[in-house]
Amino acid sequence: MNVYFTAEDVRQYAYCKRIVYFRYVLRARLQSTVKMERGKEGHAMLEERRRRGGSNYSSLYLSSERLGLAGMVDYFLYEDGEVVPVEVKFGDWRRLYLGHYLQLVAHALLLEEHFGVEVRRGIVEYPDGKISRMVKITDGAKFKVLKILAEIRKIVLEEEVPPPSPNVAKCNDCEAYRVCRRC
């Protein structure tokens, strides 16, 4: 049996490696943050809007046994044989966060395997700021996601607590705050 991790796990790992440990090793009940709830509400509204509009390419669940990766692609564009994944994020739109980008790249890997085409670009969309950022999806970024998946597997298999994020400010907005306490 193959173990699957998600594109969201890749995003969370970029935020703080400990979240994966608390989810998969300790199986801690992590508490959704205000930001996470805002994202769920926003995605529900988008999904309802897409349902009414008839989009065929939204909320596509994909998995890859080869990669040990699964994920829900928010939506994607398909034009002239090119597949362009779109990752929708709510909240701060002033900059592109690494985790958002890596989650998009993880979805690109899944789409590549599913459609048999190379994904070279994607979009991170911030509806709150009415901003869409077209980004390149490089081989280096794909390799980084594969490396993160290997590191996540190692954390889970070895049951070793990774160090906390060096950015202490992240702790206040972290779903694992009650469990972690940076100990």
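Residues numbered from 1 in each chain as written. Predicted model: local features only at pLDDT ≥ 70, side-chain atom pairs only at ≥ 80, totals over all residues. Heavy atoms only, no water.

Participant: Account for the overall build of the protein, naming residues and giving values.
Facilitator: Along the backbone of the protein there are six helices and six strands. Reading the secondary structure of the protein in the N-to-C direction produces β-α-α-α-β-β-β-α-β-β-α-α. For 183 residues, the compact-globule estimate of 2.2 N^0.38 gives 16 Å, and the C-alpha radius of gyration of the protein, at 16 Å, lies within 12% of that figure. Taken along the three principal axes of its C-alpha coordinates, the protein extends 50 × 35 × 25 Å. Counting the 183 residues in the protein, one finds 42% classified as buried. Considering only intrachain contacts with a sequence separation of at least 6, the fraction spanning at least 24 residues in the protein is 67%. About 10600 Å² of surface is accessible on the protein, with carbon and sulfur atoms providing 52% of the total. Placing the 31 positive and 25 negative side-chain charges of the protein at their respective mean positions leaves the two points 6 Å apart. (Helix = DSSP H or I, 4+ residues; strand = E, 2+ residues; numbered from the N terminus. Rg over C-alpha atoms; globule rule 2.2 N^0.38 Å. Buried < 20%, exposed > 50% of the residue type's maximum accessible area, 1.4 Å probe, protein only. Contact = heavy atoms within 4.5 Å. Areas by Shrake-Rupley, 256 points an atom, 1.4 Å probe, with all protein chains shown as cover. Lys, Arg positive; Asp, Glu negative; His and termini not counted. Charge placed at Lys NZ, Arg CZ, Asp CG, Glu CD.)

Participant: Pulling in residues and values, what's your account of the pattern of salt bridges?
Facilitator: Scanning all chains against the criterion turns up 10 salt bridges. Arg121 is paired through a salt bridge with Glu82; the nearest N and O atoms lie 2.7 Å apart. On the criterion of sequence distance, the pair formed by Arg121 in strand E5 (residues 121-126) and Glu82 in strand E4 (residues 82-88) is long-range, its members being 39 residues apart. By relative accessible area, Arg121 is classed as partly exposed at 28%. (Salt bridge = Lys/Arg side-chain N within 4 Å of Asp/Glu carboxyl O.)

Participant: Describe the packing of helix H2 (residues 18-25) against helix H5 (residues 139-158), listing the residues and the values that go with them.
Facilitator: With their axes 9 Å apart at the nearest point, H2 and H5 run at an angle of 50° to one another. Between H2 and H5, the angle falls in the class oblique. H2 and H5 meet at a crossing whose hand is right-handed. The segment H2 lies against H5, with Val20, Tyr21, Tyr24 and Val25 engaging Ile152, Ile155 and Val156. Here the residues of the contact of H2 with H5 sort into seven nonpolar, no polar and no charged. (Axes fitted to C-alpha atoms, helices over the stretch in contact; angles between N-to-C directions. Parallel < 35°, antiparallel > 145°, perpendicular 65-115°, else oblique. Left-handed = near helix turned anticlockwise from the far one by under 90°. Nonpolar A, V, L, I, M, F, W, Y, C, P; charged D, E, K, R; others polar.)

Participant: Requested: an account of the packing of helix H1 (residues 7-15) against H2, with residues and values cited.
Facilitator: Where H1 contacts H2, the axes come no closer than 7 Å and their chain directions differ by 130°. As summarised for this structure, H1 and H2 are arranged oblique, according to the angle between their axes. Here Glu8, Asp9, Gln12, Tyr13 and Tyr15 of H1 come into contact with H2, specifically with Ile19, Val20, Arg23 and Tyr24. Per-class residue counts for the contact of H1 with H2 are five nonpolar, one polar and three charged.

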